[in-house]
Amino acid sequence: HYKTNTFIERMSSGGGGLTPGATYSLKLGSTWDHIPTDLIHAVQYDFKPASIDPSQPGQMRPEGSNGVTVLLPHKDTDESSEFKGNKQQTPKDCFLIVDKATKTIYLEKVSNMIRVKKHRSVRKKPAVRKEEGERASP
């Protein structure tokens, strides 16, 4: 068990939602297993526009052996921001994941750090439907 202190107070003021003075269990997550069942990837953006909609899921595509493309949709438009970068293994980086219901903090290893840069904005192509027997106009 880990008695909360200044670290927890900093996390609670930063949106971590931890209660100062409470006791939390600290456990190693599944990424510490000899053969991990889960992989955790961290994505670092050079710039993330305010127009990105955090409530919408993005897309991540592998490109070659280490390349990655990330597409994040914008708010109230049919555009997305495209980011490109590379992944690299990070043997020393970790995340703390807080389960407020069980008052447990899990320490998980980051498998890969993916660093991306904004490449361009892309517009979704509207779906074109032709009715049967209809000719395309020139």
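Computed from a predicted structure; not experimentally measured.

**Examining the environment of Val-122**
- The residue Val-122 is located in strand β9 (residues 112-123) in this model.
- A sequence separation of 51 residues divides Val-122 from Leu-71, and the C-alpha atoms of the two residues are 8.9 Å apart.
- Not counting chain neighbours up to four residues away, the residues in contact with Val-122 comprise Leu-71, Asp-78, Glu-79 and Ser-80.

**Structural notes on the sheet that holds strand β6 (residues 79-89)**
- Read from one edge of the open sheet, 5 strands run β3-β9-β6-β5-β4, paired in mixed fashion. With one partner strand each, in any of the chains shown, β3 (41-45) and β4 (59-63) form the two edges of the open sheet. For this sheet, the mean angle separating the axes of adjacent strands, direction not counted, is 30°.

**Some thoughts on the confidence of the model for the protein chain**
- When pLDDT is averaged along the protein chain, the result is 79, and 77% of the positions lie at 70 or above.
- Mean pLDDT per element in the protein chain: strand β1 (residues 2-3) is the minimum at 43, and strand β5 (residues 67-73) is the maximum at 93.
- With pLDDT under 50 throughout, residues 1-10 is counted as low confidence; its partners more than four residues away or in other chains account for 22 contacts.
- Across residues 125-130 the pLDDT falls below 50, and counting only partners more than four positions away or on other chains, this stretch makes 1 contact in the model.

**Details of the nonpolar core**
- Listed in full, the 7 residues of the largest apolar core are Ile-52, Val-68, Val-70, Leu-72, Phe-83, Ile-114 and Val-116.
- If you list the elements that add at least two residues to this core, you get β5 and β9.
- The element best represented in this core is β5, accounting for 3 residues.
- Apart from the residues within four sequence positions on either side, Ile-114 is in contact with His-41, Ala-42, Val-43, Gln-44, Met-60, Val-68, Asn-86 and Lys-87.

**As for the pairing of strand β8 (residues 104-109)**
- The pairing of strand β2 (residues 23-28) with β8 spans 4 bridges and is classified as parallel. Bridge pairing in β8 places Leu-28 opposite Leu-107.
- Here strand β7 (residues 94-99) runs beside β8; their pairing, made up of 6 bridges, is antiparallel. Looking at β8, one finds that Asp-99 is bridged to Thr-104.
- Taking the residues that link successive antiparallel strands as the turn, the β7-β8 hairpin has 4 residues, and the phi of Lys-103 there is positive, at about 50°.

The rules behind these values
Residues numbered from 1 in each chain as written. Predicted model: local features only at pLDDT ≥ 70, side-chain atom pairs only at ≥ 80, totals over all residues. Heavy atoms only, no water. Helix = DSSP H or I, 4+ residues; strand = E, 2+ residues; numbered from the N terminus. Contact = heavy atoms within 4.5 Å. Pairing = 2+ DSSP bridges. Axes fitted to C-alpha atoms, helices over the stretch in contact; angles between N-to-C directions. pLDDT = per-residue confidence, 0-100. Core = buried A, V, L, I, M, F, W, Y, C linked by side-chain atoms within 4.5 Å. Buried < 20%, exposed > 50% of the residue type's maximum accessible area, 1.4 Å probe, protein only.

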